[in-house]
Amino acid sequence: MAATGTKKWWKNAIVYQIYPRSFCDSNGDGIGDIPGIISKLNYLKNLGVDAIWLSPIFPSPGYDNGYDISDYMGVNPEFGTMEDMERLISRAKRIGIKIIMDLVISHTSDEHEWFKKALEGDPKYRNYYVFRDNKNNWASFFGKSTWTKTQAGDYYLHLFSEKQPDLNWQNPDVYNEMVKIMRFWLDKGISGFRLDGVNTLYKDSLENGRRRLVLTGRENYLNTEGGHNLLRRFNRDVWSKYKTFIVGETVFISPNEAKLLCDEGRNELDAIFFFDHMHVDSRGVKWVKKQYRPQRLIRILDKWQNALEYPANYLENHDRVRSVNHYGNISEFWGKSAKLLCGLNLSLKGIPFIFEGEEIGMTNGDFRGLRDIKDIESFNANQFMKRLFLTHKLRRKLILRTSRDNARTPVQWDSTENAGFTTGTPWLKINSNSSYINVETEQDDEDSILNFYKKMIEFRKSSKALSEGTYRKIASPSDVFIYTRECREERLYIYCNMTSSNRAVEFYGDRIVFGNYYSEEQEYTYLKPYEFRIVASNI
Ligand code: NOJ
Ligand code: CA
């Protein structure tokens, strides 16, 4: 289908991320699946989302829960069949929801046919990967060396685990394979891709890197010119031929580099995910925390609002902790802070992404110990910490509060034993707060987080200033984020008190049009704890 000259659909879209394993299990094996997703399409429609980003559903040995793909043109039998996937695409289409697939093109699984043939010595496929006689000093995302020795005695490169060998993007055959794969799915009716780690594809050299705390070697492959060229070629050869939305996951990205990737005139990506705000409370490595200060988060969000025309905004995803734990409050102000974060995410300029369960205020996993954790990254971190002689108590503390599994606990649909997620044994422990944090209970409660999301989504859709307007930060007391969203017809002042105490502020505008406190509770000289407010101005 050729792209038309009309405004691109994704510019007004609200995207909902599904982590299939944890979303909804239809057959009682404890693992979420595609029929489970189909059964919840009406729920998503009702919520008001326009598109789903589907974390990987391809065949995979599952060492990194699908981010280790062994066949790009198939469906993981754990999740269903190709017919299920086609049914999902057509049913979603019928109710006006688009599907974005998560494509991991920087590496494959080591169980992919290509890699197996490479190990057998097939020269064509050896050139799909990066083999060398000697290692360099690069460190992987999961902490260890980026090189693993083969039985033949040489080494292969992997920026993630040894189960995820990196593809050789200097080889044109790899490009051609991926073009085929993208067309295959686009022809089935999907609307774009979320590209995993897409600013690491093209390695300029395999020289030793400057020693760093994390990711030694990264200057050899982050945001290289070769990487930009690949994206431009994909855009020209494939994406521009369909009405796609392409969002890149970009690691260690700065605003200037991001601008190059998203500048409309350069025809590379449509949007990127940045990470600064995720690291707001970490000391260099994510496992070591410092105190969270809302002011830092505000500064970072403001920087990115100013840098990009369409930032991909998100406060949580399958790799991070739950936002209400991270930036909100999980005791007295759980509900208020979850609604504030909803208001913030959905009133910023750009494309809002909601992660499954965020819309009901799901919290971090209440894991009893390291034995409850399944994630490969946490496993590797534990091994690493053991080598540093950290005590079990300390390792447990560091890992439980930061593990990616915190966001991967099954979605809480109702208050029954397994939260309506499965009739079997869930693959990952379900939070005990599913007794009151769940979709069914919240649907019936006018004042719930879920209903607040619905109203906020509706509000955003009906407001030109929110969906298309400019953004400008206004001077405000520390830890309070105030900004305007403005278009020709409408000026809105957005107030976010990011703290658990009252905050005096100067109020602008004329009419309070939206908020997370009832009008009789609202004050005119200060904001209450985690108060979110939208004030319209008669311009
Ligand atoms: C980013 C994905 O979001 C994460 O889950 C995965 O482990 C790595 N990329 C490797 O593919
Ligand atoms: Ca299942």
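Keep in mind it's a predicted model, so treat the numbers as computed, not measured.

Enquirer: Whenever I open this one, the packing of helix α6 (residues 172–187) against helix α7 (residues 225–237) confuses me. Can you help?
Expert: Between two packed helices, the angle of one axis relative to the other and the distance separating the axes together describe the packing. Following both chains from N to C, one finds α6 and α7 inclined at 40°, their axes separated by 11 Å at the closest point. With respect to α7, the element α6 is oriented oblique. When you trace α6 past α7, the crossing you get is right-handed. Contact residues: Tyr175, Met178, Val179, Met182 and Arg183 in α6; Leu230, Arg233, Phe234 and Asp237 in α7. For the contact of α6 with α7, a count of residues per class yields six nonpolar, no polar and three charged.

Enquirer: How should I be thinking about the sheet that holds strand β5 (residues 147–149) in this particular structure?
Expert: The strands making up a sheet associate through backbone hydrogen bonding, with each pair oriented either parallel or antiparallel. In spatial order, the strands read β4-β6-β5; together these three strands make up an open sheet with antiparallel pairing. The open sheet has two edge strands, β4 (131–132) and β5, and neither has a second partner. Alignment of β5 against strand β6 (residues 155–157), held across three bridges, turns out to be antiparallel. Following the sheet pairing, Trp147 is matched in β6 by Leu157.

Enquirer: Teacher, can you tell me more about the coordination of the calcium ion (ligand 2) here?
Expert: In an ideal octahedron of six donors the angles at the metal are 90 or 180 degrees, and in an ideal tetrahedron of four donors they are 109.5 degrees. Around the calcium ion (ligand 2), the protein contributes the donor atoms Asp25 (OD), Asn27 (OD1), Asp29 (OD), Ile31 (O) and Asp33 (OD), which lie 2.3 Å from the metal centre. Written as a sequence motif, the donor residues of the calcium ion (ligand 2) are D-x1-N-x1-D-x1-I-x1-D. Accessibility expressed as a relative area gives 2% for Asp33, which makes it buried.

Enquirer: Just checking my understanding: could you explain the layout of surface pockets for this structure?
Expert: Over the atoms, a rolling probe the size of a water molecule traces out where space has been left empty. Considered as a void within the structure, the largest pocket measures approximately 1,200 Å³ in volume. Forming the boundary of the largest pocket are 45 residues, of which Phe141, Val214, Val285, Lys286 and Glu377 lie nearest the centre. Looking at the lining of the largest pocket, the elements with two or more residues in it are β11 (285–289) and α12 (376–387). By residue number, the principal contributor to the lining of the largest pocket is α12, which donates five residues. A per-class count over the lining of the largest pocket returns 21 nonpolar, eleven polar and 13 charged. Taken as a whole, the second largest pocket encloses approximately 590 Å³ of empty space. What lines the second largest pocket is a set of 27 residues, among which Lys8, Trp10, Lys11, Glu264 and Asp270 lie closest to the centre. Per-class residue counts for the lining of the second largest pocket are eleven nonpolar, six polar and ten charged.

Enquirer: Even after reading the chapter, I still don't get the site of ligand 1, so can you show me in this structure?
Expert: Taken together, 13 residues lie near ligand 1, and Asp64, Asp196, His318, Asp319 and Arg404 sit nearest. Isolated, ligand 1 exposes 300 Å² of accessible area, and the fraction of that covered by the protein chains is 98%. Judged by the fraction of its atoms near the pocket grid, ligand 1 is located in the largest pocket. Each residue belonging to the shell around ligand 1 can be placed in one class, and the counts come to three nonpolar, three polar and seven charged.

Enquirer: Quick question: what am I supposed to make of the pattern of salt bridges here?
Expert: Pairing of side chains with opposite charge becomes possible as their charged atoms draw close. Taken as a whole and judged by the stated rule, the model has 40 salt bridges. Glu264 is paired through a salt bridge with Lys8; the nearest N and O atoms lie 3.2 Å apart. Here the residue Glu264 occupies a position in the loop between α8 (255–262) and β9 (271–273), and Lys8 occupies one in the segment before β1 (15–18), the gap between them amounting to 256 residues. The shortest N-O distance in the salt bridge between Glu489 and Lys464 comes to 3.7 Å. Pair noted here: Glu489 is in the loop between β15 (480–486) and β16 (491–497) and Lys464 is in helix α16 (residues 464–468), with a separation of 25 residues, a long-range link. Accessibility expressed as a relative area gives 39% for Lys464, which makes it partly exposed.

Enquirer: Looking at this structure, I do not really get the sheet that holds strand β8 (residues 245–249). What am I missing?
Expert: Reading across from one edge, β9-β8-β7-β3-β2-β1-β13-β12 is the order of the eight strands in this open sheet, with parallel pairing throughout. On the outer flanks of this sheet lie β9 and β12 (312–313), each paired with one strand and no other. Pairing geometry for strand β2 (residues 51–54) and strand β3 (residues 98–103), over four bridges, is parallel. Counted as the bridge partner of Trp53 is Ile100 from β3.

The rules we used
- Residues numbered from 1 in each chain as written.
- Chains lettered and ligands numbered in written order.
- Predicted model: local features only at pLDDT ≥ 70, side-chain atom pairs only at ≥ 80, totals over all residues.
- Heavy atoms only, no water.
- Axes fitted to C-alpha atoms, helices over the stretch in contact; angles between N-to-C directions.
- Helix = DSSP H or I, 4+ residues; strand = E, 2+ residues; numbered from the N terminus.
- Parallel < 35°, antiparallel > 145°, perpendicular 65-115°, else oblique.
- Left-handed = near helix turned anticlockwise from the far one by under 90°.
- Contact = heavy atoms within 4.5 Å.
- Nonpolar A, V, L, I, M, F, W, Y, C, P; charged D, E, K, R; others polar.
- Pairing = 2+ DSSP bridges.
- Donors = N, O, S within 2.8 Å, 3.2 Å for Na, K, Ca; no water.
- Buried < 20%, exposed > 50% of the residue type's maximum accessible area, 1.4 Å probe, protein only.
- 1 Å grid on protein atoms, 1.4 Å probe; cavity = no way out; pocket = protein on both sides within 12 Å on 5 of 7 lines; lining within 4 Å.
- Points joined across faces, edges and corners; volume = space filled by probe spheres on them.
- Near = heavy atom within 4 Å.
- Areas by Shrake-Rupley, 256 points an atom, 1.4 Å probe, with all protein chains shown as cover.
- Sits in = over half its atoms within 2 Å of the grid points.
- Salt bridge = Lys/Arg side-chain N within 4 Å of Asp/Glu carboxyl O.

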